[in-house]
Amino acid sequence: MSRRLFRAFRILKRGMALDKRGVVLSGTNLAKEIRESLAKDVATLRTKLPNFSPGLAIVQVGGREDSNVYIRMKIKAANEIGINATHVKLPNTTTEAELLNKLYKLNNDPATHGIIVQMPLDSVNKIDSHLITDTVSPEKDVDGLNTINEGRVAIGDMTGFLPCTPNGCIELIKKSGVPISGAQAVVLGRSKIVGTPAAELLKWQNATVTVCHSRTKDLPKVVSQADILVVGIGQAEMVKGSWIKPGAVVIDCGINSIPDPSKQSGQRLVGDVAYSEALPIASYITPVPGGVGPMTVAMLMKNTVISAQRAAEKLLNSKWNLRTLPLRFEDPIPNDITIARSQEPKNIANLAEEIGLSPSEYSLYGNKKAKVSLKVLERLKDQKNGKYVVVVGITPTPLGEGKSTTTLGLAQALAAHRGKNSFATLRQPSQGPTFGVKGGAAGGGYSQVIPMEDFNLHLTGDIHAVGAANNLLAAQIDARYFHESTQQNKALYDRLVPTIKGVRKFSNIQLRRLQKLGINKTDPNSLTEEEQGRFARLDIDPNNVTWTRVVDINDRFLRQITIGQSPTEKGKIRETSFCISVGSEIMAVLALATSVQDMKNRLANIVVGFSKDGVPLTADDFGVTGALAVLLKDAIEPTLMQSLEGTPVLVHTGPFANIAHGCSSIIADAISLKLVGADGYVLTEAGFGSDIGMEKFFDIKCRTSGHIPNAVVLVTTVRALKMHGGGPPVTPGSPLKKEYVTENLELVKKGLPNLLKHISNGNKFGVPVVVAINTHSSDTAAELNIIRDAALANGATDAVICTHWARGGAGALDLADAVIAATNKPSNFKPLYNLDASIEEKINIVAKEMYGAGKVILADKVKQKIEEYKKFGYDRLPLCMAKTSNSLTGDASIKGAPTGFTLDITDIFVSVGAGFVVPMVGEIQRMPGLSTRPSIYDMDWNSETDEIEGLF
């Protein structure tokens, strides 16, 4: 009965329309209503995202005046609504390739939500307009002309963008109130832009549609059957009033110019319908102009706002659509490289899309890794950060206790199993340890970064870039010393500021040096002889050059070298050394930089030595800052990789933890914290134990970045606690002694004080500590339970037995739940010391609070250097203690958690660019050496399988 009533109502309503005559359907008025509604939508968006604006790019080739008129109309409408419309005007000499390149850039610009290409293309070169419209991304094709969007309309899928003119026609018909469903509709014209899509839209509104064209027979008769008539044939007043069915709705899409002597221009605009004839016959009719034209612009604006709303929704709802990779377990568990190769990684572009990166925000390095642009930070600047978790360890055995493995297992558990946005941020491993002892550092078991070979070897070349920058600076220091030693002031000045093609001027970096010297001049010829000498001569003390060269290989014979022995260097011989690349201050600068400009400032401030008068000499003084930044242009971008379960990993920088601060970059963490959103998690690793990596993470990295940590995950193992309980030495490459592979509760109990000290260290920063007990196959339940119970009784928020090495993310689910619970608690984070404390006070605080020392003794030369540092304000920098990682003390052989011992500070140096002072506890090698049997013996490239062998 209800269906019959509804059908009767529609017939009645259409009958009422048939009784009406000559009602003008004003597109101008309806378009105004739509613009006002869209303006409210944009205002609503801005209440949620204050800095967000819908962006429309209008691309024009050439300068046709009719096109200019249309573009001005569109820009005016956009401005009324609050859309940021940009007129991209290209010359009429533009080639097809140039236009395509411009469209590619706009497609990849997150601030551009809609793109239209103004037709016709006014170019002297041949351009395929169909190719151009299809090049516009379907997600930004607000004209609705891309074949994909057209195809969607054809099959009734209205989720894409509807073509503007046909959609405007539908809105005008709806405005009349005449039902479309069940009506006989006739469309005159089958153009791609109007006729064909209009017919499709009417069809999916349940009209019965007839399409007429130049070959249609008895056209007036067909037209006379139409309840709804849409005309778009481009012939002035072709449709006569006599053709039209009384009471029909007439939508005239045509716009034609015909002679009219009464007009000043001699022309007037008419449609394809003889308006004066049709007006008394049609129930509703659109005028020309003022009908479909304004609606076309309004629909264009509507599509742009819809596109912007979709983009805004992605910003507001940062939940990822992550497609995880299943693990296929084997028993017994294979070695790491076998597991890694058994998993085919996702295409990295797919992963980038899943986590919300736009194509313009990453650069592919093959299909398994990509550089992530810092531009993402600007786009997501209003996004709330996710939860920030640092993974640290107890004092480790030489084999390591699985911090990387735990970081990855936890990330896999959170993202792949608990459905939480989760990032792991890791350091890039140095090739020194890879070819020396470790053989790899990508995690282990079923919790790894893949591809392992890429991760452990060159990756994207960042460490090599750091090495090149470091050694360029070293080369410039020695070259400048040589030239100053062999030239008088005038000759030196003239060579530093030469006249080139009749022009003599200072470079930007030379102008900075003039400012530093207090010389307020910009004309090189205006400096006095005394000013020229001060500018040109750094007066380098060759015995006090602190900058060394680097290489990313363990090479003991570079620990002390002599340079300048060639006769061409004229006796300018001095002793120096090499450091491993990841120990370079430039690596620490890269890791601690918060932006490109911050990196440049830090590079400029690097102190590389002193003058003969004791004045610090910086990289900026040597004129090399800009060149260093150029070498680091790509290296400042983190590298996107993935875990075995297809969850995202950002790999960036690799400062040594015993020499530098031992953490991945601030930039990688910042990008990750934005991408995961407020409900997500970023897991970052700090090198070695809490006494080293965690303390520096909090006191240096978090102090610099301003990021507030929410939890500490403290990794421990039965093996490490047995070592601290008095077990025999653990030696890489040698089988473990029986104490480590059989149950020994007594050794575990005796080793517990080391774990408890590290828990205490975390609590001193006001951050919840979750203990992750990383299990090995030989561990017993009794041993594991002793550890868990002791941790819970001594300050740990939770303590969890984990099997992620054997089970991947599934083996860290309890750990994931514990971390979720811990991060929901308030973080009372506070640094260990205030920066205004003296260097001596800071050393004592770290030594006593973190290590358990009772007394600190400073060598005489340390005291002297501290006094010098005070003169330059270096005493207000944080500390980066250089200490053995194998003991809480300064003696690597002492295990457990001793207290009251004496800590000797044997030397001290400052890394002004990185922004910390480095007290040395004993002898710390900055250049490792190769053992009798390094990992290189096992490494090879199998040319038949194209696989790297020997990584593990």
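Residues numbered from 1 in each chain as written. Predicted model: local features only at pLDDT ≥ 70, side-chain atom pairs only at ≥ 80, totals over all residues. Heavy atoms only, no water.

**Remarks on the overall build of the chain**
Of the regular secondary structure elements, the chain holds 34 helices and 38 strands. Expressed as lengths along the three principal axes of its C-alpha atoms, the size of the chain is roughly 110 × 80 × 55 Å. Across the 952 residues of the chain, 55% fall into the buried class. A separation threshold of at least 6 residues defines the contact pool for the chain, and within that pool the share at least 24 residues apart is 74%. Put simply, the chain shows about 39,900 Å² of open surface, and 52% of that area lies on carbon and sulfur atoms. Side chains of the chain give 107 positive and 95 negative charges; the mean places of these two sets differ by 5 Å. (Helix = DSSP H or I, 4+ residues; strand = E, 2+ residues; numbered from the N terminus. Buried < 20%, exposed > 50% of the residue type's maximum accessible area, 1.4 Å probe, protein only. Contact = heavy atoms within 4.5 Å. Areas by Shrake-Rupley, 256 points an atom, 1.4 Å probe, with all protein chains shown as cover. Lys, Arg positive; Asp, Glu negative; His and termini not counted. Charge placed at Lys NZ, Arg CZ, Asp CG, Glu CD.)

**Things to note about the sheet that holds strand β2 (residues 55-61)**
Taken in spatial order, the three strands of this open sheet run β3-β2-β4, and their pairing is parallel. Both edges of this open sheet fall to β3 (84-90) and β4 (114-117), since each of them pairs with a single strand only. Neighbouring strand axes in the sheet, compared pairwise and without regard to direction, differ in orientation by 20 degrees on average. On the sheet, helix α4 (residues 96-107) packs against β2, β3 and β4 and is oriented at approximately 180 degrees with respect to β2. (Pairing = 2+ DSSP bridges. Axes fitted to C-alpha atoms, helices over the stretch in contact; angles between N-to-C directions.)

**Focus on the nonpolar core**
Ranked by size, the top nonpolar core spans 142 residues in total, and within it Leu640, Phe698, Leu755 and Leu903 carry the most contacts. The dominant element in this core, judged by the number of residues it contributes, is helix α18 (residues 462-486), at eight residues. Residues in contact with Leu903, not counting those within four places in the same chain, are Ala847, Tyr851, Ala853, Lys855, Val856, Ile857, Met881, Thr889, Gly890 and Val921. By size, the runner-up hydrophobic cluster in this structure holds 49 residues, among which are Ile170, Ala199, Leu202 and Ala298. (Core = buried A, V, L, I, M, F, W, Y, C linked by side-chain atoms within 4.5 Å.)

**What about the packing of aromatic side chains?**
Evaluated as defined, the whole model comprises 10 aromatic pairs. Ring centres of Trp320 and Phe423 lie 5.8 Å apart, and the angle between their planes is 90 degrees; on these two criteria the pair is classed as edge-to-face. Placement of Trp320 in the loop between α11 (292-316) and α12 (336-342) and of Phe423 in strand β15 (residues 422-426) is noted, with a sequence separation of 103 residues between them. Across the pair, exposure class does not vary: Trp320 and Phe423 are buried alike. On the basis of an interplanar angle of 45 degrees and a centroid distance of 5.3 Å, the ring pair of Phe698 and Phe829 is categorised as tilted. Placement of the pair is Phe698 in helix α26 (residues 690-705) and Phe829 in the loop between α32 (813-823) and α33 (839-851), with a sequence separation of 131 residues. Each member of the pair, Phe698 as well as Phe829, carries the same accessibility label: buried. If you follow Arg807 out to its NZ or CZ, it ends over the ring of Phe329, 3.8 Å from the centre. When the ring centre of Tyr851 is taken as reference, the NZ or CZ atom of Lys883 above it lies at 4.8 Å. (Phe/Tyr/Trp six-rings, centres within 6.5 Å; stacked < 30°, edge-to-face > 60°. Lys NZ or Arg CZ within 6 Å of the ring centre and 35° of its normal.)

**Section: the environment of Arg719**
Position of Arg719 among the secondary structure elements: in helix α27 (residues 718-724). Separated by 22 residues in sequence, Arg719 and Val741 have C-alpha atoms that sit 8.4 Å apart. If we skip the residues at most four places from it in the chain, Arg719 touches Thr397, Leu399, Gly400, Glu401, Leu736, Tyr740 and His776.

**Thoughts on unusual backbone geometry**
In terms of backbone geometry, most residues other than glycine have negative phi values and most peptide bonds are trans. At the junction of Met119 and Pro120, the peptide bond is cis and its omega measures out at 0 degrees in the coordinates. Along the chain, Pro120 falls in the loop between β4 and α5 (129-135). With omega at 5 degrees, the peptide bond leading from Asp331 into Pro332 counts as cis. Structurally, the position occupied by Pro332 is in the loop between α11 and α12. The backbone of Glu237 shows a phi angle near 50 degrees, a positive value even though the residue is not glycine. Here Glu237 falls in the partly exposed class, since its relative accessible area comes to 26%.

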